[in-house]
Amino acid sequence: MRANLKIIAVLGIIVLISLLNSEPIQEFSLPDINNQSFSIANHLGEKMIVIDFWASWCAPCMRLLPELDKIDQTYEDVMVIAVSVDNPRSVNRAKSLIRSHKYSFVTLYDTNQEIMNRFQVTTVPHTFLINLDGEIVYEHTGYTRGDEEKLLDRIEQELTQKQVEPEVREQEIERIEE
Amino acid sequence: MSRTIKTHSFWITVVIILISSSLSYAQVEISGLNEAEYIYKAAEDSLSHYFYNETFLRLNYNSIEVGISFIAELPKYDQFDTIADLHPNDIDYRWDDRYIQLNLNNLRLRAGSFTEFFGAGIIMRSYRDKTYDHDTRLTGLNAQVITGEWVLKGLYASLPDENSSNHKDVIGGLDFTRQLFGVGNIGLSLTSQQIRRFDNRYSTRLTAGSRIELITDYFDLYSEYAESKSYRSVSGESRGQAIYGLANAYINRFTVTGGYKKFTRFDNRLNDLPTLNSSEEPLSERMNPGEDEEGLMGQVRFNPDFTSEVGVTYSEAWNSNFSLRQSDLFVEGRKYYDSFTLGLEYAQLELIDEERQQWQKEITPAVLLDFNLLSLPTHIRTELGYHEKVRGESSRDYYNPLLQFDIFFNRLSLSFIAELELEEFSELSDAGSWLGIELTTDIISNTDLKIFIGEERGGKVCRSGVCYYTTPFKGLRINLTTRF
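Attention in this report is confined to the structure presented alongside it. (Residues numbered from 1 in each chain as written. Chains lettered and ligands numbered in written order. Predicted model: local features only at pLDDT ≥ 70, side-chain atom pairs only at ≥ 80, totals over all residues. Heavy atoms only, no water.)

### Digging into the environment of Gly 142 of chain A
Here's step 1: Structurally, the position occupied by Gly 142 of chain A is in the loop between β7 (136-141) and α5 (147-161).
Here's step 2: A C-alpha to C-alpha distance of 10 Å links Gly 142 of chain A and Cys 58 of chain A, two positions 84 residues apart in sequence. (Helix = DSSP H or I, 4+ residues; strand = E, 2+ residues; numbered from the N terminus.)

If you want it as structure tokens, here you go:
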């Protein structure tokens, strides 16, 4: 019992240390919709990344996906990755949903929920925004109407901080000038 | 002096850890999750107070990952628990998940506890579902080689015997998946299980399977076939078979899906067989999934644009002598307007068991509405379920209306749930009822608090903008989840 308590105390201290530190995102690889391996490491630093954990049986998740598709199509400097956490028996339904809607974003399949556990996701949808330094700068659980505005505000804020003009602003300027 | 050092050796160790962690924190990544749950169960003959805490810690250093979790059940909450006295076995604290993993470019090696699956889970799926207290995690060795063209998985592990936690069953397996000329992939799986018998001897179950997945822009297909052979079991030698297929065609804005399943003597606790229906209901409660069932499923979905969608799913299932039959119909439509979203659903499930002279029908129409109430996001779900059950000479039918009202302000969400069970609407006072309130908020950015008070029937719940599974409950439940 005493030994267990000491070990718990050490673990607790390690936890406290971790709370003081800013952790970058851990790199991972998952199969995409064509079962080809996709590694996030190849894209960190190139663009900001929105990672959304979703499931085919989750109605709020289904409402969020079209909003993420708009973000993916609007911002050249943002990549959207939707990670399905459907289990092996329902993953084919999840793939069919994505193909039928013809979404443009990257879809990955975390069938064993390993990456979901690594990101400490317990409910879906769960959305993260990763900046160009590979750090998680935004995190949100659930989805209701208007939640996408909070994500957009954060994206704009990050883009402004990095002084990277989004493609949409250039297009708007060109349109106004015309 | 030496006695002083020995006496304080623990704290010296802690200081060393603090210093080394501070110096090397940039290389050591620490993350984890703590879930605490307090339950007050409102039942006369129950224990009433339950506490559960699980802490999971993960350390990453370069390509090495170490994970460990600690569970405290003081005591463990069991939805069927009726004991009034605290039993020693109900208070438990233990180390749970323990593993070390090596992640190299194309190779992953893991020793300790793990979950794994082959194909669609028909041949093998080891997993943990805390909500339904399902745990078939394995302990042993797991290896994966992942290249651009193929994936090879191997495992050799044990899991607790189903009937005795002091004994173990053993499983070894291989799974190979290869890309198929850019149009899909093929896979092969092989497992061997040693299953402990009641007389302490072991029976053997061999399983072999293959699968193919074809993917094109307009069509995709997934098909899996497996055979099993059991011998040295109490019931003698037996063979089993599993066939599963699912195909989709994408025609402009339409998606047409067809599915087929057939399982014969293919039930095993280390597989997870698809139900192939929208309600995820098994064919029968008196028979294990996979023992004897066959079924078909058809689905049509229409997505004219991002603002609307309609879908119809129909499936049927039966056993070999047609004494068990199931039909499942689900129709849904959604329309997204600027200021609100409207959803309509209709579900109908029918089950027939001729051997038990049992017939059951459930009809559930539902209306869902998302809008802003005084600038606050609001979600309303209304259902009017109708259930009809016939067993032998007795029959019962009742209505099951449900009203769920979710409202969100800032970081707080409030959910009101009211569910009734009544035979006649004129007899409202005699109705069974489940009333509950759930409050969800994030205390700080990495800590979520959820408080539920009242009653709920259980099942899949989409509440406060998130979805999860819950079991029937009455009382107070407080969940605190911290991520670090």
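### Thoughts on the state of the cysteines
Residue and element names in this part refer to chain A.
Here's step 1: One pass over the structure, following the stated rule, counts one disulfide over all chains.
Here's step 2: Here Cys 58 engages in a disulfide with Cys 61; their sulfurs sit 2.2 Å apart. Note on the Cys 58 and Cys 61 pair: the S-S dihedral is about 80°, so by sign convention the disulfide is right-handed.
Here's step 3: The exposure class assigned to Cys 58 is buried, which follows from its relative accessible area of 1%.
Here's step 4: Owing to a relative accessible area of 0%, Cys 61 belongs among the buried residues under this scheme. (Disulfide = S-S within 2.5 Å. Buried < 20%, exposed > 50% of the residue type's maximum accessible area, 1.4 Å probe, protein only.)

### Quick word on helix α3 (residues 91-101) of chain A
Here's step 1: The element α3 of chain A is extensively covered by neighbouring structure, given that 10 of its 11 residues are classed as buried.
Here's step 2: Just downstream of α3 of chain A lies Lys 102 of chain A, where phi reads positive at about 55°.

### Considering the packing of aromatic side chains
Here's step 1: In total, this model carries 15 aromatic pairs over all chains according to the counting rule given.
Here's step 2: Relative to Phe 119 of chain A, the ring of Phe 28 of chain A has its centre 5.8 Å away and its plane inclined at 90°; by these criteria the two rings are edge-to-face. Here Phe 119 of chain A lies in the loop between α4 (114-118) and β6 (126-130) and Phe 28 of chain A lies in the loop between α1 (2-20) and β1 (29-31), a separation of 91 residues in the sequence. Summarising the burial analysis for this pair, Phe 28 of chain A and Phe 119 of chain A share the class buried.
Here's step 3: For the pair Phe 254 of chain B and Phe 302 of chain B, a centre-to-centre distance of 4.6 Å together with 25° between the ring planes defines the contact as stacked. Taken together, the residues span a long stretch of sequence, with Phe 254 of chain B in strand β17 (residues 254-264) and Phe 302 of chain B in strand β18 (residues 292-305) at a distance of 48 residues.
Here's step 4: With relative accessibility at 29%, the residue Phe 302 of chain B sits in the partly exposed group.
Here's step 5: Members of the aromatic cluster, each reached through a chain of ring pairs, are Phe 28, Phe 53, Phe 119 and Phe 128 of chain A. (Phe/Tyr/Trp six-rings, centres within 6.5 Å; stacked < 30°, edge-to-face > 60°.)

### Examining the nonpolar core
Here's step 1: Ile 51, Phe 53 and Ile 155 of chain A are the most contacted members of the largest nonpolar core, which totals 51 residues.
Here's step 2: Those residues within four positions of Ile 51 of chain A in sequence are excluded, and the remaining contacts are Ile 25, Phe 28, Ile 40, Ile 81, Val 83, Phe 119, His 126, Thr 127, Phe 128 and Ile 130 of chain A.
Here's step 3: Residues Met 124, Leu 155, Ala 226 and Leu 276 of chain B belong to the second largest nonpolar core, which totals 22 residues. (Core = buried A, V, L, I, M, F, W, Y, C linked by side-chain atoms within 4.5 Å. Contact = heavy atoms within 4.5 Å.)

### Examining α5 of chain A
Residues and elements named next belong to chain A.
Here's step 1: Taking 1.5 Å of rise per residue, 15 residues should cover 21 Å, and α5 covers 22 Å from first to last C-alpha, within 8% of that figure.
Here's step 2: Taken together, the buried positions of α5 are Asp 147, Glu 148, Leu 151, Leu 152, Ile 155, Glu 158 and Leu 159. What you see down the axis of α5 is that its buried residues fit within an arc of 140°, all on one side. In this structure, α5 carries Asp 153 and Gln 161 as exposed residues pointing more than 90 degrees from its buried face.
Here's step 3: Contacts made by the buried residues of α5 are with β3 (48-54), α2 (59-74), β4 (78-84), β6 and β7. (Expected span 1.5 Å × (residues − 1). Arc of directions from axis to C-beta.)

### A look at the sheet that holds β7 of chain A
Residue and element names in this part refer to chain A.
Here's step 1: The five strands are arranged β5-β4-β3-β6-β7 in an open sheet whose pairing can be described as mixed. Every other strand in the sheet has two partners, leaving β5 (106-109) and β7 as the edge strands with one partner each. Here the average twist between neighbouring strands, direction ignored, is 20°.
Here's step 2: Bridge count for β3 against β4 is seven bridges, and the pairing is parallel. (Pairing = 2+ DSSP bridges. Axes fitted to C-alpha atoms, helices over the stretch in contact; angles between N-to-C directions.)

### A closer look at the side chain of Glu 293 of chain B
Residue and element names in this part refer to chain B.
Here's step 1: Locating Glu 293 in the fold gives a position in strand β18.
Here's step 2: With a relative accessible area of 6%, Glu 293 lands in the buried category.
Here's step 3: Separated by 2.8 Å, the side chains of Glu 293 and Lys 261 make a polar contact.
Here's step 4: Once residues lying within four places of it in the same chain are set aside, the contact partners of Glu 293 are Lys 261, Lys 262, Phe 263, Leu 283, Trp 318 and Asn 319. (Polar contact = N/O pair within 3.5 Å; in protein donor to acceptor, adjacent residues only side chain to side chain.)

### Section: the packing of α2 of chain A against α5 of chain A
All names here are of chain A.
Here's step 1: At a minimum axis separation of 11 Å, α2 and α5 run at an interaxial angle of 20°. Put simply, α2 runs roughly parallel to α5. You can see that α2 and α5 cross each other, and the crossing is right-handed. Contact residues: α2 offers Glu 67, Leu 68 and Ile 71, while α5 offers Glu 148, Leu 151, Leu 152 and Ile 155.
Here's step 2: Residue composition of the contact of α2 with α5, by class: five nonpolar, no polar and two charged. (Parallel < 35°, antiparallel > 145°, perpendicular 65-115°, else oblique. Left-handed = near helix turned anticlockwise from the far one by under 90°. Nonpolar A, V, L, I, M, F, W, Y, C, P; charged D, E, K, R; others polar.)

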